[in-house]
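Each chain, written out:
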Amino acid sequence: MNFLKLLRPHQWIKNSFVLLGIMFSKQWDLATLFLAFVTFGAFCCIASSIYVFNDLLDIEADRQHPTKKTRPLASRLISPRSGWMIAGGLVLTALLLAAVSGPWVVLFIVMYAALNIAYTLRLKQVAVLDVFIISAGFMLRILAGTIGLGIAPSSWLLLCGFMLSLFLGFAKRRAEFFTLENSGLSETKNQTRQVLRDYSPMMIDQFMAVSSACTILCYGLYTVNSETVARYGTTALIYTLPFVVYGVFRYIFLLHRRGKGNDTALDLYSDPHLLVTVLIWGLVTVVIIA
């Protein structure tokens, strides 16, 4: 159980960005689907290795955090030596799986790892850039699921994914402010996320407003774009827009009224409204473009 908790498998849903290229390209043959899920598995392994790496470097800081102190390494349930061995094994597994999918996937896996290591060591302390680095990780997932599998990436897919990941990243920072407020700390005294000293709740609210509006606008324009209509032979994709709008608004509601936002994946699993919305959006989208 502690081993699984260390890997955070509930976070693997973020790697579903790898599958968006397959979904919208309609290349649903068995060979391509197999490689897509292998690529998904590679990102699950490399992402978990980064989580372990982060926990190894942040052990002392996590022990001061109201919720992170229960993590296996911070709570001494798993030793640092075991943590390093687990991280190394995950990296090796990720590279082996990526090699099955092809050289482009290997490249994107290596880039993802390098980017996240740089984020952990330094870039997570640089305001605004920290969230852009998180967003870049999602972009690499999309590219691995498109270019990596021989699928031409849609500029609309990249744009929508970029804006959505920015929104989720800034929402996470806003949730961290709520956590500090509820624990009676201030950002100047916080040692678990020093970058918050350069943010303010009002600033992040503005960033969230811009990125959420751009997410909805970009997706809406994509559904009515002439190229999209020509590709799928239908104008019905516009009917999936309400699900996207509701999902974004529901997430903002959960952030401000339910204390969510620190863990996007867990929020999705734990909120029936959000989960059903995402599932219906995916089902309706596939039915329309099939």
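Residues numbered from 1 in each chain as written. Predicted model: local features only at pLDDT ≥ 70, side-chain atom pairs only at ≥ 80, totals over all residues. Heavy atoms only, no water.

Scanning the protein from N- to C-terminus turns up 13 helices and 0 strands. Counting from the amino terminus, the protein carries its helices and strands in the arrangement α-α-α-α-α-α-α-α-α-α-α-α-α. Relative to the compact-globule value of 19 Å for 290 residues, the protein shows a C-alpha radius of gyration of 19 Å, a close match. In terms of principal-axis extent, the alpha carbons of the protein reach across some 55 × 45 × 30 Å. Restricting to contacts in the protein with at least 6 residues of sequence separation, those with at least 24 account for 71%. Approximately 13800 Å² of the protein is accessible, and the part contributed by carbon and sulfur atoms is 69%. Between the averaged position of the 24 positive side-chain charges in the protein and that of its 15 negative side-chain charges there is a distance of 4 Å. (Helix = DSSP H or I, 4+ residues; strand = E, 2+ residues; numbered from the N terminus. Rg over C-alpha atoms; globule rule 2.2 N^0.38 Å. Contact = heavy atoms within 4.5 Å. Areas by Shrake-Rupley, 256 points an atom, 1.4 Å probe, with all protein chains shown as cover. Lys, Arg positive; Asp, Glu negative; His and termini not counted. Charge placed at Lys NZ, Arg CZ, Asp CG, Glu CD.)

Here the focus is the pattern of salt bridges. When charged atoms on two side chains of opposite charge get close, those side chains can pair. Throughout the structure, instances matching the rule amount to 8 salt bridges. Salt-bridge contacts for Asp55 lead to Arg71; the nearest nitrogen and oxygen are separated by 3.2 Å. Within this pair, whereas Asp55 is found in helix H3 (residues 30-57), its partner Arg71 is found in the loop between helix H4 (59-62) and helix H5 (80-101), the two being separated by 16 residues in sequence. On the basis of relative accessibility, which here comes to 3%, the residue Asp55 falls in the buried class. (Salt bridge = Lys/Arg side-chain N within 4 Å of Asp/Glu carboxyl O. Buried < 20%, exposed > 50% of the residue type's maximum accessible area, 1.4 Å probe, protein only.)

Turning our attention to the domain arrangement of the protein. Partitioning the protein into structural domains gives domain 1 (1-153) and domain 2 (154-289). Distance from the C-alpha centre of domain 1 to the C-alpha centre of domain 2: 20 Å. With 33 residues of domain 1 at the interface, the matching set in domain 2 holds 35 residues. Contact between domain 1 and domain 2 buries roughly 3000 Å² in total, counting both sides, with carbon and sulfur atoms accounting for 71%. The largest contributions to the domain 1 side of the interface with domain 2 come from Met23, Phe24 and Val131, which together make up 20% of the buried area. Our enumeration of links across domain 1 and domain 2 arrives at 1 salt bridge. Asp130 serves as the salt-bridge partner of Arg173, at 2.7 Å between the closest nitrogen and oxygen. Our enumeration of links across domain 1 and domain 2 arrives at 12 residue pairs in polar contact (both at pLDDT 80 or more). Where the side of domain 1 that touches domain 2 is concerned, the elements lending two or more residues are helix H2 (20-25) and helix H7 (129-144). When residues of the side of domain 1 that touches domain 2 are assigned to their parent elements, the largest contribution, 9 residues, is made by H7. Tallied by class, the residues present in the side of domain 1 that touches domain 2 amount to 21 nonpolar, 8 polar and 4 charged. (Domains from an automatic or database assignment. Buried area = accessible area lost by both parts, 1.4 Å probe. Polar contact = N/O pair within 3.5 Å; in protein donor to acceptor, adjacent residues only side chain to side chain. Nonpolar A, V, L, I, M, F, W, Y, C, P; charged D, E, K, R; others polar.)

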